[in-house]
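Single-letter residue listing:
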Amino acid sequence: AKTTDEAPHKALPRNVKVLGLTSLLNDTASEMIFPLLPTFLLTMLGGNRFYLGVIEGAADSVASLLKLWSGGRSDQTGRRKNFVLLGYSIATLARPAIGLITAPWQLLLIRIGDRIGKGIRTSPRDALIADSTAPEIRGRAFGFHRSMDHLGAAIGPLIATAFLLLWPNSFRTLFLCSLLPGILVVG
């Protein structure tokens, strides 16, 4: 890898900044609700730990398999942005639907839907970051993206905590409110 004195001062490309903000908002929406899902499943939907394991195992498996497909497919088509937008859109619509469900099997379908979105967007998004970034600042670009992702993962639970302190046991309303950062993500 070539290094220069200019590399540390070179600005990150617009795509990297936009995708970083997108990850921040998406993780804020995700982490507002997903830490609450076990309690919601066990107390409000009448599920058990077995359901929880099946739901999370199936959801993560789907995401992993789709990452393989979407990365290759975005290489073939060259339309990475379409995959990224579709993936974030699916997740944005899936998450708030948790506020409307009444049975554990419905949570399984929604979690799989959300992870379909993750599987579709992740590899093309990473390739888009790499495509948009000069080799000498690629590490910084991915570091920026990950830091924005982690910042969203910290903000989401803080929002959820504040919300539930103000309106205890309003899980369903909080889940529906996750649509707000999701709309900003897709926008």
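Since we're looking at a predicted model, the values are computed, not measured.

(A) Structural view of the overall build of the protein chain. Within the protein chain, the secondary structure is distributed over eight helices and zero strands. Ordered by position in the sequence, the α and β elements of the protein chain form the string α-α-α-α-α-α-α-α. In summary, the protein chain has a C-alpha radius of gyration of 18 Å against a globular reference of 16 Å for 187 residues, a match within 12%. When the backbone C-alpha atoms are referred to their principal axes, the protein chain occupies close to 60 × 35 × 25 Å.

(B) Looking closely at the nonpolar core. Counting 20 residues, the largest nonpolar core has Leu36, Phe40, Ile98, Ile101, Leu107, Leu174 and Phe175 as its most contacted members. Listed by contribution, the elements that provide at least two residues to this core are helix H1 (14–33), helix H2 (37–44), helix H5 (104–132), helix H6 (138–166) and helix H7 (171–177). Membership of the second largest hydrophobic core comes to 14 residues, among which are Leu24, Tyr88, Ile137 and Val185.

(C) Fine view of the packing of H5 against H6. It is the contact of H5 with H6, at a shortest axis distance of 9 Å, that shows an interaxial angle of 140 degrees. As summarised for this structure, H5 and H6 are arranged oblique, according to the angle between their axes. Here the hand of the crossing between H5 and H6 comes out right-handed. Contacts between H5 and H6 pair Arg125, Asp126, Ile129 and Ala130 from the former with Arg138, Ala141, Phe142 and His145 from the latter. Partitioning the contact of H5 with H6 into residue classes produces four nonpolar, one polar and three charged.

(D) Here's a closer look at the pattern of salt bridges. The full count for this structure, using the stated rule, is nine salt bridges. Between Asp114 and Arg95 there is a salt bridge, with its nearest N and O atoms 3.5 Å apart. With Asp114 in helix H5 and Arg95 in helix H4 (residues 80–97), the pair connects residues that are 19 residues apart, well separated along the chain. Judged by its relative accessible area of 1%, Asp114 is buried. The partner of Asp126 in a salt bridge is Arg125, with the nearest N and O atoms 3.0 Å apart. Where salt bridges share partners, they join Glu56, Arg95, Arg111, Asp114 and Arg115 into one cluster.

(E) Molecular detail of the side chain of Thr22. Counting through the fold element by element, Thr22 comes out in helix H1. In this structure, Thr22 is in contact with Tyr88 and Val185, ignoring residues within four places of it in sequence.

Definitions and cut-offs
Residues numbered from 1 in each chain as written. Predicted model: local features only at pLDDT ≥ 70, side-chain atom pairs only at ≥ 80, totals over all residues. Heavy atoms only, no water. Helix = DSSP H or I, 4+ residues; strand = E, 2+ residues; numbered from the N terminus. Rg over C-alpha atoms; globule rule 2.2 N^0.38 Å. Core = buried A, V, L, I, M, F, W, Y, C linked by side-chain atoms within 4.5 Å. Buried < 20%, exposed > 50% of the residue type's maximum accessible area, 1.4 Å probe, protein only. Axes fitted to C-alpha atoms, helices over the stretch in contact; angles between N-to-C directions. Parallel < 35°, antiparallel > 145°, perpendicular 65-115°, else oblique. Left-handed = near helix turned anticlockwise from the far one by under 90°. Contact = heavy atoms within 4.5 Å. Nonpolar A, V, L, I, M, F, W, Y, C, P; charged D, E, K, R; others polar. Salt bridge = Lys/Arg side-chain N within 4 Å of Asp/Glu carboxyl O.

These figures come from the coordinates and say nothing about function on their own.
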